[in-house]
Each structure stands twice: as C-alpha cells, then as structure tokens.
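The primary structure of each chain is shown beneath.
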Amino acid sequence: MRILETGSYQEMSVLAAGILGAQVLLKPNCVLGLATGSSPIGAYEELSKNCQNGLLDFSQVRTVNLDEYCGLAPENPQSYRYFMDQHLFSRINIRKENTHLPNGMAPDLEEESRRYEALIEGLGGVDLQLLGIGHNGHIGFNEPCSDFPRDVHQVQLTESTITANSRLFSRREDVPTTAITMGIGTILKAGKILLIAGEEKKEIIERSLFGKVTPQVPASVLQLHRDVTVITCKRS
Ligand code: F6R
C-alpha cells in the first residue's frame, strides 16, 4: 500500500487526476471505477481540463460507478447519475453509452444488482477503482456490518450516512434511505484501487489502514488488496 500525504485538497486532486489520467494513457479503453461525493470533485475538474486541452482522450474509456440511490431518477439533481454528468461526463469526450451506474429506479432491485455485477464482469473488470471513505469507514455504500458483502447489492443506509449526505439535500427527509452499491468483493476485484480522503477523515483512515481488518470498518479490507494507493490531504 502506498500512502501519499498532500498539503491541500487541490494538491490531492491533481495527484489523483494524474493517476487516473495515467491509467487512461496506458490503456485507452480501460474501465474506470468512479465515486461521487465531495472528495473526487477536484480530481474530476482536473481530468476535465486535461481532456479539454487535448492531453487525455476518453473516447474509448468505459466507466462504472460504485453506487446509486434508490428511487431517484437520473434527471434528479441529487442522483449520482446527475452528479457524474455534471462534474465529469458532460465535460470530457466520453461516450454516454460507455458510462454506467446502477439503476436505482429498477422495479426489481435484486435483479438490477445481479445485472450490474454481470455488467462489470462483462466489461472485463475494473482496471482502476477510485474510492472515497465515509466517517464510519464505508466504501461505496458498504456500511459497517457483521460480514463483508460480496457482490452488488441493495443497502439500508445508516443514520450517520444519511446525516452526512443530508448536507446536499434541502430537507433531511428527502435523503434516500436505500441505495445499490458494489459489494466489497466487487471492489476488491479491481486491478488497482485509489482512495482519496480529506483531513476530516484522518481518524477513520488510520483505523482502516492500520487497525484490525473487520467488516465493522469496511475500508479495513483494503489492507488485503495488493495494489492500493491512498492520498490524504492536510487541509481542505
Ligand atoms: C460515493 C460513495 C461514498 C463516498 C463517501 C465519502 O459514491 O461511494 O462511499 O465516497 O461517502 O463521501 P465524501 O467524499 O463526500 O466525503
């Protein structure tokens, strides 16, 4: 595991975008696993700039996102599909049909979970997975629990995650309480993993990277993966 400490959110974003960009240069038709949330916005901004000034070409890149809320349509500004279109996909030359997220509106969410797991496998697996981390150690929406969930599945979000996410909604009651997420097994199958985390995640980063491997701290499982890079930043 490589742990890179940077001095600012901007520095972390440039470094993360450099690693993601290098993956695209090395394998133009790579599969990138992507995350939403505050942590990757700066990296997406850098990737967009690098594409717009001709340094990066996303025309053959495929993407799969970690998760999506249940019950939010793609055109809902709080949905993760909307977030990805706004912060990245509409700003780079990626083909829309090559961008994938779970369908949180699917009538049968178990069937949708199976479809999404099979889709990732059908693309040949994820080359590089970008992750953020929750204050409780969640990765994707794999919340602390008694076993590491293996495949894509539907989850009940914890109160702490609903509270953390409510900052982006006008009312707490509007925050969805369920989501579809890649499982821990799905994430671990990625060839490489890149985790980015701000100063406010310092404590959970330490517990995850140096503490006991336990499903109570889902990100602790990353200690078992052979190619993980963690980028932290001192100040936001
Ligand atoms: C988002 C995701 C979550 C976030 C995590 C950190 O797709 O899967 O695990 O990465 O909640 O969110 P931020 O970056 O907003 O602190």
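Definitions and cut-offs
- Residues numbered from 1 in each chain as written.
- Predicted model: local features only at pLDDT ≥ 70, side-chain atom pairs only at ≥ 80, totals over all residues.
- Heavy atoms only, no water.
- Helix = DSSP H or I, 4+ residues; strand = E, 2+ residues; numbered from the N terminus.
- Rg over C-alpha atoms; globule rule 2.2 N^0.38 Å.
- Buried < 20%, exposed > 50% of the residue type's maximum accessible area, 1.4 Å probe, protein only.
- Contact = heavy atoms within 4.5 Å.
- Areas by Shrake-Rupley, 256 points an atom, 1.4 Å probe, with all protein chains shown as cover.
- Phe/Tyr/Trp six-rings, centres within 6.5 Å; stacked < 30°, edge-to-face > 60°.
- Pairing = 2+ DSSP bridges.
- Axes fitted to C-alpha atoms, helices over the stretch in contact; angles between N-to-C directions.
- Near = heavy atom within 4 Å.
- Polar contact = N/O pair within 3.5 Å; in protein donor to acceptor, adjacent residues only side chain to side chain.
- Nonpolar A, V, L, I, M, F, W, Y, C, P; charged D, E, K, R; others polar.
- Patch = residues over 30% accessible without salt bridge, like charges linked within 9 Å, V, L, I, M, F, W, Y side chains within 5 Å.
- Salt bridge = Lys/Arg side-chain N within 4 Å of Asp/Glu carboxyl O.
- 1 Å grid on protein atoms, 1.4 Å probe; cavity = no way out; pocket = protein on both sides within 12 Å on 5 of 7 lines; lining within 4 Å.
- Points joined across faces, edges and corners; volume = space filled by probe spheres on them.
- Core = buried A, V, L, I, M, F, W, Y, C linked by side-chain atoms within 4.5 Å.

A. Looking closely at the overall build of the protein chain. Broken down by element type, the protein chain carries 7 helices and 10 strands. Expected size for 236 residues packed as a compact globule is a radius of gyration near 18 Å; at 16 Å, the protein chain falls within 12% of this value. Considered along the principal axes of its C-alpha atoms, the protein chain spans approximately 45 × 40 × 35 Å. In the protein chain, buried positions account for 55% of the 236 residues. Counting only contacts in the protein chain whose residues sit at least 6 apart along the sequence, the fraction spanning at least 24 positions is 78%. Carbon and sulfur atoms form 52% of the exposed surface of the protein chain, whose accessible area is close to 10,700 Å².

B. Highlighting the packing of aromatic side chains. On inspection of all chains with the given rule, the structure shows 4 aromatic pairs. Ring centres of Tyr 69 and Tyr 80 lie 4.7 Å apart, and the angle between their planes is 40°; this geometry places the pair in the tilted category. Within this pair, whereas Tyr 69 is found in strand E4 (residues 67-69), its partner Tyr 80 is found in helix H3 (residues 80-87), the two being separated by 11 residues in sequence. Look at Tyr 69 and you get buried, because its relative accessible area is 2%. A relative accessible area of 12% places Tyr 80 in the buried class. Grouping aromatic residues by their ring pairs yields a cluster made of Tyr 69, Tyr 80, Phe 141 and Phe 169.

C. The sheet that holds strand E8 (residues 178-181), seen in detail. Across the sheet, which stays open at both edges, the 3 strands sit in the order E4-E8-E7 with antiparallel pairing between neighbours. Two strands in the sheet have a free side with no partner beyond their single neighbour: E4 and strand E7 (153-156). When the angles between neighbouring strand axes are averaged without regard to direction, this sheet yields 25°. Relative to E8, E4 is paired through 3 bridges, and the arrangement is antiparallel. If you follow Tyr 69 over to E8, its bridge partner there is Ala 179.

D. Inspection of the site of the ligand at higher detail. What surrounds the ligand is a group of 14 residues, the closest being Ser 39, Asp 67, His 138, Gly 140 and Lys 201. One of the side-chain nitrogen or oxygen atoms of Thr 36 is found 2.8 Å away from an oxygen atom of the ligand. Across the complex, the protein chains shield 92% of the 410 Å² of accessible surface that the ligand would expose by itself. In terms of residue class, the shell around the ligand is built from 3 nonpolar, 8 polar and 3 charged.

E. Summary view of a nonpolar patch on the surface. On the surface, a nonpolar cluster with roughly 330 Å² of combined accessible area is contributed by Met 1, Ile 3 and Phe 210. The residue Met 1 is located in the segment before strand E1 (2-6) in this model.

F. Geometry of the layout of surface pockets. In this structure, the largest pocket spans a volume of roughly 770 Å³. Around the largest pocket, the lining is made up of 40 residues, and of these Thr 36, Gly 37, Ser 38, Asn 165 and Arg 167 lie nearest the centre. Residue assignment for the lining of the largest pocket shows that the elements contributing at least two residues are E4, H3 and helix H5 (159-165). A class-by-class count of the residues in the lining of the largest pocket yields 17 nonpolar, 19 polar and 4 charged. What the second largest pocket holds in volume is close to 240 Å³. Looking at the lining of the second largest pocket, the elements that each hand over two or more residues are E1, helix H7 (202-210) and strand E10 (228-233).

G. Focus on the nonpolar core. Within the largest apolar cluster, 38 residues are counted, with the highest numbers of intra-cluster contacts made by Leu 32, Tyr 44, Leu 47, Phe 58, Met 84 and Leu 88. No other element matches helix H1 (residues 9-26), which puts 5 residues into this core. Beyond its immediate stretch of four places on either side in the chain, Leu 32 contacts Leu 20, Gln 23, Val 24, Phe 58, Val 61, Arg 62, Thr 63, Val 64, Val 126 and Leu 128. Counting residues in each nonpolar core, the second largest holds 31 residues, with Tyr 116, Ile 120, Leu 131 and Ile 187 among its members.

So far we have only geometry, and geometry alone does not tell us how the molecule works.
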